[in-house]
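Read off the chains here:
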Amino acid sequence: MDIKKRKELLAAYKDRCPEMGVISFRCSATDEAFITAAADIPAKFNRVRFQFSAGNCPNKRLQELWTQYGENAFELQVVQRLKYDDPKKDPTEELEMLCELYLLKNPKASKIWK
């Protein structure tokens with residue numbers, strides 16, 4: 001691959017706007033829901049599923065449920081999306097606010113990470 005093509009690909013990657021928002025892992029066996037903010041939703045789903053399979057989830061209750069019931073007992077979904085105002089702006093604060101608002105509306109849900 002030549003340098004010009006490599007620079008173009010790198011610039012395209014940096015300028016991409018991944019889907020972001022609040023995601024939920026709901027155990028259908030116990031009806032418990034766990035949420036987290038995600039600046040890149042597909043990447044976050046993959047990361048958390050990998051942590052579960054490795055037994056490294058920081059939320060012990062969630063890890064217990066995953067180990068006991070398996071991935072098929074969980075519904076993974078996007079519960080709220082955040083739209084881009086400015087792709088260069090850090091969305092962390094807005095994502096955390098969305099998480100808190102979701103928790104207020106859904107008191108049975110809890111955060112994956114405290």
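It should be noted that the structure appears before, not after, this text.
The text that follows walks through the structure, step by step, so that each part is easy to find. (Residues numbered from 1 in each chain as written. Predicted model: local features only at pLDDT ≥ 70, side-chain atom pairs only at ≥ 80, totals over all residues. Heavy atoms only, no water.)

### Quick word on the overall build of the chain
Secondary structure summary: the chain contains four helices and four strands in total. The helix and strand sequence of the chain, counted from the amino end, reads α-β-β-α-α-β-α-β. With the C-alpha coordinates of the chain rotated into their principal frame, the extents come out at 55 × 30 × 20 Å. When contacts within the chain are restricted to residue pairs at least 6 apart in sequence, long-range pairs at least 24 apart make up 57% of them. (Helix = DSSP H or I, 4+ residues; strand = E, 2+ residues; numbered from the N terminus. Contact = heavy atoms within 4.5 Å.)

### Observations regarding the packing of aromatic side chains
Overall, the coordinates contain four aromatic pairs when judged by the stated rule. When the ring of Trp 66 is compared with that of Phe 74, the centres are 4.9 Å apart and the planes differ by 40 degrees; the resulting orientation is tilted. Since its relative accessible area comes to 8%, Phe 74 is described here as buried. (Phe/Tyr/Trp six-rings, centres within 6.5 Å; stacked < 30°, edge-to-face > 60°. Buried < 20%, exposed > 50% of the residue type's maximum accessible area, 1.4 Å probe, protein only.)

### A closer look at the sheet that holds strand β4 (residues 109–111)
Spatial strand order, β3-β1-β2-β4: four strands in an open sheet with mixed pairing. The open sheet is flanked by β3 (74–82) and β4, the only strands paired with a single partner. Across the sheet, the mean angle from the axis of one strand to that of its neighbour is 30 degrees, orientation sign disregarded. Sheet topology places strand β1 (residues 20–27) next to strand β2 (residues 32–38); seven bridges connect them, and they run antiparallel. Paired with Phe 25 across the two strands is Phe 34, which belongs to β2. In the packing of helix α2 (residues 41–54) onto the sheet, contacts are made with β1, β2 and β3, and the angle to β1 comes to roughly 35 degrees. In the packing of helix α4 (residues 92–105) onto the sheet, contacts are made with β1, β2, β3 and β4, and the angle to β2 comes to roughly 160 degrees. (Pairing = 2+ DSSP bridges. Axes fitted to C-alpha atoms, helices over the stretch in contact; angles between N-to-C directions.)

### Things to note about the side chain of Asn 59
Looking at the secondary structure, you find Asn 59 in the loop between α2 and α3 (60–69). Using a relative accessible area of 9% as the deciding quantity, one classes Asn 59 as buried. If sequence neighbours within four positions are ignored, Asn 59 has contacts with Phe 34, Lys 111 and Ile 112.

### Looking at the pairing of β2
Burial runs high along β2: six of the seven residues are buried. When β2 meets β4, the two strands line up parallel, connected through three bridges. Residue pairing in the sheet places Ile 35 in a bridge with Lys 111 of β4.

### Thoughts on the environment of Leu 103
Mapped onto the fold, Leu 103 is located in helix α4. Residues Leu 103 and Phe 34, 69 residues apart in the sequence, show an inter-C-alpha distance of 9.8 Å. Other than its neighbours up to four places away in sequence, Leu 103 contacts Ile 35, Ala 109, Ser 110 and Lys 111.

### Description of a nonpolar patch on the surface
On the surface, Met 97, Leu 101 and Leu 104 cluster together to form a nonpolar patch covering roughly 340 Å² of accessible area. Turning to its location among the elements, Leu 104 is positioned in helix α4. (Patch = residues over 30% accessible without salt bridge, like charges linked within 9 Å, V, L, I, M, F, W, Y side chains within 5 Å. Areas by Shrake-Rupley, 256 points an atom, 1.4 Å probe, with all protein chains shown as cover. Salt bridge = Lys/Arg side-chain N within 4 Å of Asp/Glu carboxyl O.)

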